[in-house]
Every structure is written in structure tokens, then in C-alpha cells.
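Each chain, letter by letter, is given below.
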Amino acid sequence: MTTFARMATAALLSLATLAPAHAGSVTQPGETVGLAVGAPLPEGAYFVNTADWGCRNTSPESTCVGVTIPVLAWATPVFMFGGRIQLLTALPLIEVNVDNGPSTSGFYNPWFAAQIAWDLGNGFGFSYLAGFYLGVNTGVAFDSTSFNQRFAVSYTADGWNLTANAIWGIQAQGVTDTINPNFLNVDLTATKKFGKFEIGPVAYYSTDLNNPTAFYQKQSQFAVGGLVGYDFGPVIMQAYLTTDVWEQNYGGNDTRVWGRVIIPLWNPPPTQTALLHK
């Protein structure tokens, strides 16, 4: 694949994931960091797994959360209004541990989405995604189905990945067995490739948009960090470290280690016309 195609492979990923099981964003803040989600993928099927582990220094007990987010994506050969149609699904797993006590783990909310992504030329891309998280009652998930929209812009020329991804979640029910606020996340990436290596700063912001109950206090946070990646061709691996520099009503700052692998499962063979023009 071309350099643009490999960077766009990361684009795949508007994925699913976690947050505190009883409040906050359904989509894990920072989940799409490092991915050029505004750029269309080359036609094909892809597997992307993002895993992370971190602890929030709440007092008197710290709260640690681990997540793994396996995503399957199909960049279809279908175009609409000039943009490629892409289909995605994920079934995350989550583990929660409070003050080094017994861990609670289980499936997180399953995620299904369709995306349309445009190559605007000169390295710019834009995408819109619409999907939903299915409400489940596993003890570590939100017991409410939620609508998920994402608006992303990327610049991927000359080895750059400059991406902003805004993620807007609307809950079907504000209060069930869990407290389910609507939310807004913004994931930011500014990396540069040097040969097969990729490096650069990343950041994310998240905030609740409403108070589902009178006693609920809206949560917000802003985190910064750095990312390093390597293109093994065709497999891409990334790692990044983030930490909160500001939070409101979370009770402490979160520090988190992330890892990601991107594996193309299938791409169509080049056409005869394309071979003749090589």
C-alpha cells in the first residue's frame, strides 16, 4: 500500500469502548488518537485492536481500568456523494479494579457503525460516521443504547497525520441501572513519519453534556501525551502514553498506557489497467 493508504488504514477507527461504567463517555476518551479517521481507507477488510490500561488517582482508593477493543472494518467498493462507504463493528472487553481489590470484568457495549469518508485532495480528508452502542447489563457496561456520531478531518500529506475527531453521543435513556449522560469527545493527533517510524504529540478532551439526575455532577477532562509507531509493512503498531492535565468531578487524574495493532486482512488485487500504468 502507499504511504497515504497505510496512514489511512488507521482511519478505520472510529471504534468503540469504555468509560466509567456508571457515568462519563460511552466512547472512551482518547480511543481514536493516532488514527487518521478523516481519510478514506483503501478498499479491503481490516482488523484493528486498541488496548489500554491506566489508573485514576482518586482518594482514598485509586481506580484502574483496562480495555481491549477489537474492531473489524470493511472499506467497501461503494461510493456515495464521492465518499467511500465503510462499515465497522467492535465488541470491547473491560476490566475494573478499585484499590487493588477484586477485579470486575466483562463485555462492554457492542458497537456498530457506517461511515462515509471523502478524499478532498492535497492530503485532506473528511469523514462522517453514524452508529450505535447496544445497551447491555454486564456490570461494566452502560444499560442504555446510545446513538453515536463522529465528524473527523485529517491531513495526511508528506508523512503527517494531523487529525481532529469530534465524537457526539446521545443516550436513549438517561437513567437505567446506570447513569447515562450524553457526551462530547475530541481526539487530537499531530504526528510525523520518518521512514517507518512515526512520532508526535496527542491529546483528548471529553465532557458530559447533561445531568441525567439532580445529584449527578457533569464530568470533564483534558489529557495530553505522546505517540510512537512503526510500520512493519503491512502491519502497523502504535503505542502512546497520556495523562490528565485537568479534570472536573472525576476525583483525580488518569494516567494511561495504550497499544494498537493494525492488520490488513484483505485488499483486492490491482486491476489490469492499474498494472499497465505502473
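Definitions and cut-offs
- Residues numbered from 1 in each chain as written.
- Predicted model: local features only at pLDDT ≥ 70, side-chain atom pairs only at ≥ 80, totals over all residues.
- Heavy atoms only, no water.
- Helix = DSSP H or I, 4+ residues; strand = E, 2+ residues; numbered from the N terminus.
- Contact = heavy atoms within 4.5 Å.
- Areas by Shrake-Rupley, 256 points an atom, 1.4 Å probe, with all protein chains shown as cover.
- Pairing = 2+ DSSP bridges.
- Buried < 20%, exposed > 50% of the residue type's maximum accessible area, 1.4 Å probe, protein only.
- Lys, Arg positive; Asp, Glu negative; His and termini not counted.
- Salt bridge = Lys/Arg side-chain N within 4 Å of Asp/Glu carboxyl O.
- Polar contact = N/O pair within 3.5 Å; in protein donor to acceptor, adjacent residues only side chain to side chain.
- Phe/Tyr/Trp six-rings, centres within 6.5 Å; stacked < 30°, edge-to-face > 60°.
- Lys NZ or Arg CZ within 6 Å of the ring centre and 35° of its normal.

Under an unreviewed UniProt entry, the protein has the name Transporter and belongs to Xanthobacter oligotrophicus.

**Focus: the overall build of the protein**
On a plain count of helices and strands, the protein comes out with 2 helices and 14 strands. Taking the intrachain contacts of the protein between residues at least 6 apart in sequence as the baseline, contacts between residues at least 24 apart amount to 60%. As displayed, the protein has an accessible area near 11800 Å², and 66% of this comes from carbon and sulfur atoms.

**Quick word on the pairing of strand 1 (residues 44-56)**
Each regular strand carries side chains that alternate between the two faces of the sheet. Pairing analysis gives 13 bridges linking strand 1 to strand 2 (residues 63-80), with the strands arranged antiparallel. Paired with Asp52 across the strands is Val67, a residue of strand 2. In sequence, strand 1 turns back onto strand 2 through a hairpin of 6 residues. Both strand 1 and strand 14 (residues 254-266) contribute to a ladder of 12 bridges, which runs antiparallel. Looking at strand 14, one finds that Phe47 is bridged to Ile263.

**Comments concerning the environment of Ile85**
Structurally, Ile85 can be placed in strand 3 (residues 83-90). Taking C-alpha positions, Ile85 is 8.6 Å from Trp74, a pair spaced 11 residues apart along the chain. Non-local contacts of Ile85, meaning those with residues more than four positions away in its chain, are made with Trp74, Ala75, Thr76, Val78, Met80, Gln115 and Ile116.

**Description of the side chain of Ser146**
Mapped onto the elements of the fold, Ser146 is located in strand 8 (residues 146-155). The class of Ser146 is buried, set by a relative accessible area of 2%. The residues contacting Ser146, other than those within four sequence positions of it, are Val26, Gly131, Phe132, Tyr133, Ile170, Gln171 and Ala172.

**Quick look at the side chain of Arg84**
Tracing the backbone through its elements, the reader meets Arg84 in strand 3. No salt bridge is formed by the buried Arg84; the nearest opposite charge belongs to Glu43, separated by 4.6 Å. In terms of polar contacts, Arg84 uses its side chain to reach the backbone carbonyl oxygen of Leu41, at 2.9 Å. Among all residues touching Arg84, those that are not within four sequence positions of it are Pro40, Leu41, Pro42, Glu43, Ala75, Thr76, Pro77, Val78, Phe79, Gln115, Ile116 and Ala117.

**Quick word on the packing of aromatic side chains**
Taken as a whole, this structure holds 9 aromatic pairs when the rule is applied. Seen from their ring centres, Trp118 and Phe126 are 6.1 Å apart, and the 25° between their planes marks the pair as stacked. Taking relative accessible area as the criterion, Phe126 reaches 31% and is therefore assigned partly exposed. For the pair Tyr230 and Phe232, a centre-to-centre distance of 4.7 Å together with 65° between the ring planes defines the contact as edge-to-face. Its relative accessible area of 26% is what places Tyr230 among the partly exposed residues. Lying across the ring of Tyr250, Arg56 places its NZ or CZ 4.1 Å from the centre. Seen from the ring of Phe194, Lys192 lies directly overhead, with NZ or CZ sitting 5.2 Å from the centre.

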